[in-house]
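What follows is the residue order along each chain.
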Amino acid sequence: MKRKETHQIVAFCYGIFLALCMTYCTVSANSSWYWISEKRPYDILPWVVLGTLLVEITAVRVIAGCKPLWKTMLVIVFGNAVSFLFPWIFLMKVPIVGGMTWQEYVEYAPVYTVGVGFLFLTLVIEFPLGYFLLRKNTTHRIRLLFVLIGSNLVTTVGTAAVERMICYGAW
């Protein structure tokens with residue numbers, strides 16, 4: 001393939017990628033977000049956290065065979081806490097556009113707890129922490145690897161789905 005053809009293919013793929021991204025982003029002028037549902041994502045957060053921990057601890061304990069239970073629980077709770085709190089600690093340092101307080105931002109903006117960025121952080125932060133701290137506590141290291149990835153994917157996607165089904169709003 002010639003260099004010019006390669007550049008044209010790359011430019012075409014980049015254009016398709018941008019078109020897909022831009023169709024997802026919509027802008028509504030002179031409007032503001034309001035929650036239609038009575039529940040907000042922070043209202044269901046304790047239940048979502050409890051369900052996530054239960055699923056991940058059970059999967060790692062039963063499927064990957066990690067022992068002892070107390071260490072498995074401690075590592076999973078620690079990994080989830082770090083991956084959940086990291087973005088909030090980072091965002092606390094960034095000023096919010098429009099002069100809103102954090103309470104106003106969470107109440108009046110379309111802020112869901114879990115999104116694509118959260119999935120990325122889960123796989124970058126929580127998964128390595130869990131694997132490196134638990135790998136010596138199981139005889140099935142490859143299984144542990146896949147269980148951690150799979151359970152984190154399932155709980156993150158499940159949490160996002162539950163949030164969007166229970167908490168909804170409009171512009």
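Note: the structure precedes this text.
This structure is a prediction, so every number in the text was calculated from the model and none was measured.

Chemist: Any chance you could explain the nonpolar core here in plain terms?
Modeler: Nonpolar side chains in soluble globular proteins tend to end up buried together. Counting residues in each nonpolar core, the largest one holds 14 residues, and the members touching the most others are Val60, Cys66, Ile76, Leu134, Leu144 and Leu148. When residues in this core are grouped by element, the largest group, 4 residues, is from helix 2 (residues 41-62).

Chemist: What should I look at first to understand the packing of helix 2 against helix 6 (residues 141-166) in this one?
Modeler: In a packed pair of helices, the relevant descriptors are the angle between the two axes and the axis-to-axis distance. At a closest axis distance of 10 Å, the pairing of helix 2 and helix 6 adopts a crossing angle of 160 degrees. With respect to their mutual orientation, helix 2 and helix 6 come out roughly antiparallel. Crossing of helix 2 against helix 6: the hand is right-handed. Contact residues: helix 2 offers Pro41, Ile44, Val48, Thr52, Val55, Glu56, Ala59 and Val60, while helix 6 offers Leu144, Val147, Leu148, Ser151, Asn152, Thr155, Thr159, Val162, Glu163 and Ile166. For the contact of helix 2 with helix 6, the class distribution of residues is 11 nonpolar, 5 polar and 2 charged.

Chemist: Which parts of the structure should I look at to understand the pattern of salt bridges?
Modeler: Where charged atoms from two side chains of opposite charge approach closely, those side chains can pair. Inspection of the entire model under this criterion finds 1 salt bridge. A salt bridge links Arg164 to Glu163; the nearest nitrogen and oxygen atoms lie 3.7 Å apart. Residue classification places Glu163 among the buried positions, given a relative accessible area of 1%.

Chemist: What is the right way to read the environment of Phe86 from this model?
Modeler: Along the chain, Phe86 turns up in helix 3 (residues 69-93). In this structure the C-alpha to C-alpha distance between Phe86 and Phe118, which are 32 residues apart in sequence, comes to 9.8 Å.

Chemist: Any chance you could explain the packing of helix 5 (residues 116-134) against helix 6 here in plain terms?
Modeler: At a closest axis distance of 10 Å, the pairing of helix 5 and helix 6 adopts a crossing angle of 150 degrees. On the basis of the axis angle, helix 5 is roughly antiparallel to helix 6. The handedness of the crossing between helix 5 and helix 6 is right-handed. Between helix 5 and helix 6, the contacting residues are Phe118, Leu119, Thr122, Leu123, Glu126, Phe127, Gly130, Tyr131 and Leu134 on the first element and Arg141, Leu144, Leu145, Leu148, Ile149, Asn152, Leu153 and Thr156 on the second. For the contact of helix 5 with helix 6, the residue count by class is 11 nonpolar, 4 polar and 2 charged.

Chemist: It is not clear to me how unusual backbone geometry should be interpreted in this structure. Could you clarify?
Modeler: Apart from glycine, the bulk of residues carry a negative phi angle, and the bulk of peptide bonds sit in the trans form. Cis geometry is adopted by the peptide bond preceding Pro68, which originates at Lys67 and carries an omega value of -5 degrees. Tracing the chain through its elements places Pro68 in the loop between helix 2 and helix 3.

Chemist: What is the right way to look at the environment of Phe120 in this model?
Modeler: Relative to the helices and strands, Phe120 is located in helix 5. On the basis of relative accessible area, Phe120 is assigned to the exposed category, the value being 54%.

Chemist: Explain the side chain of Thr122 to me, please; I cannot follow it from the model alone.
Modeler: Note that Thr122 resides in helix 5. Among the residues examined, Thr122 registers a relative accessible area of 1% and is labelled buried. Setting aside residues up to four positions removed in sequence, Thr122 forms contacts with Ser83, Phe127, Asn152 and Thr156.

Chemist: Would you mind going over the packing of aromatic side chains with me for this structure?
Modeler: One pair of aromatic rings is described through two measures. These are the centre distance and the angle between the planes. Applying the stated rule across the entire model yields 2 aromatic pairs. Judged by centre distance (5.5 Å) and plane angle (75 degrees), the ring pair of Tyr131 and Phe132 falls under edge-to-face. An aromatic cluster is built from Phe127, Tyr131 and Phe132, whose rings are joined through pairwise contacts.

Analysis parameters
Residues numbered from 1 in each chain as written. Predicted model: local features only at pLDDT ≥ 70, side-chain atom pairs only at ≥ 80, totals over all residues. Heavy atoms only, no water. Core = buried A, V, L, I, M, F, W, Y, C linked by side-chain atoms within 4.5 Å. Buried < 20%, exposed > 50% of the residue type's maximum accessible area, 1.4 Å probe, protein only. Helix = DSSP H or I, 4+ residues; strand = E, 2+ residues; numbered from the N terminus. Axes fitted to C-alpha atoms, helices over the stretch in contact; angles between N-to-C directions. Parallel < 35°, antiparallel > 145°, perpendicular 65-115°, else oblique. Left-handed = near helix turned anticlockwise from the far one by under 90°. Contact = heavy atoms within 4.5 Å. Nonpolar A, V, L, I, M, F, W, Y, C, P; charged D, E, K, R; others polar. Salt bridge = Lys/Arg side-chain N within 4 Å of Asp/Glu carboxyl O. Phe/Tyr/Trp six-rings, centres within 6.5 Å; stacked < 30°, edge-to-face > 60°.

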